[in-house]
Amino acid sequence: MAISGGSEPRSNERRLFEDGEFYTPDRKARFFFSEPRALPERTSKQYPLVLLTGRGSSSQWHTQTRTKRSSVLRALAPSEIYVEISPLDAKKLGIRPDESVAVSSQRATIEARAFVTHAVQPGQVFIPMHFEVMNRLTFAAFDPHSRQPAYKACAVRIARLSDSGA
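Just so it is clear, the structure is predicted and the values come from calculations on it, not from any experiment.

Draft legend 1. Here's a closer look at the pairing of strand S7 (residues 124-128). Within S7, four of the five residues are buried, which leaves the element mostly enclosed by the surrounding structure. Examined bridge by bridge, strand S3 (residues 49-54) and S7 share five bridges and lie parallel to one another. By the bridge assignment, Val-50 is partnered in S7 with Gln-124. The pairing of strand S4 (residues 82-85) with S7 spans two bridges and is antiparallel. From the neighbouring strand, Ile-85 faces S7, where its bridge partner is Val-125.

Draft legend 2. A look at the sheet that holds S7. Taken together, the six strands give a closed barrel; going around it, the order is S3-S7-S4-S6-S5-S8, and neighbouring strands pair in mixed fashion. Shown here is a sheet whose adjacent strand axes are inclined to one another by a mean of 45°, direction ignored. Alignment of strand S5 (residues 100-104) against strand S8 (residues 153-160), held across four bridges, turns out to be antiparallel. Residue pairing across strands places Val-101 opposite Arg-160, the latter belonging to S8.

Rules used in this analysis
Residues numbered from 1 in each chain as written. Predicted model: local features only at pLDDT ≥ 70, side-chain atom pairs only at ≥ 80, totals over all residues. Heavy atoms only, no water. Buried < 20%, exposed > 50% of the residue type's maximum accessible area, 1.4 Å probe, protein only. Helix = DSSP H or I, 4+ residues; strand = E, 2+ residues; numbered from the N terminus. Pairing = 2+ DSSP bridges. Axes fitted to C-alpha atoms, helices over the stretch in contact; angles between N-to-C directions.

Given below as structure tokens:
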């Protein structure tokens, strides 16, 4: 079977499991799931916000291992790390749009630019995973089935740089 992509058919590419057979005794796929669990790190008075991470731009994916090599994608991507915060939380903390802030977890503190937006819920903040320094905040909890690291969420606090002591 030829797999097309672009203008030329490519018949020499291998697609795993295209034949519907998997690496199990009966050749059928297995799906594993667990009941939803609470976040491994709960918020507290000291770290009252939940940091969520993920894709922040269509010009970046993963941790820029490939996209940072493309001058076009680099030009389209944000040039500095930012943290999305809800208007309600920003007001409560005295944070203005585009202000430099300190984002702290139990493991580290990083500086980021505040992006005040309704795209995140009050009590949550978001930082794109494309900025490697972001992982200093998170911790290495692992999925029990895939062993995939869960650098997706942790408890943090945010403060204006002048208020943070950073």
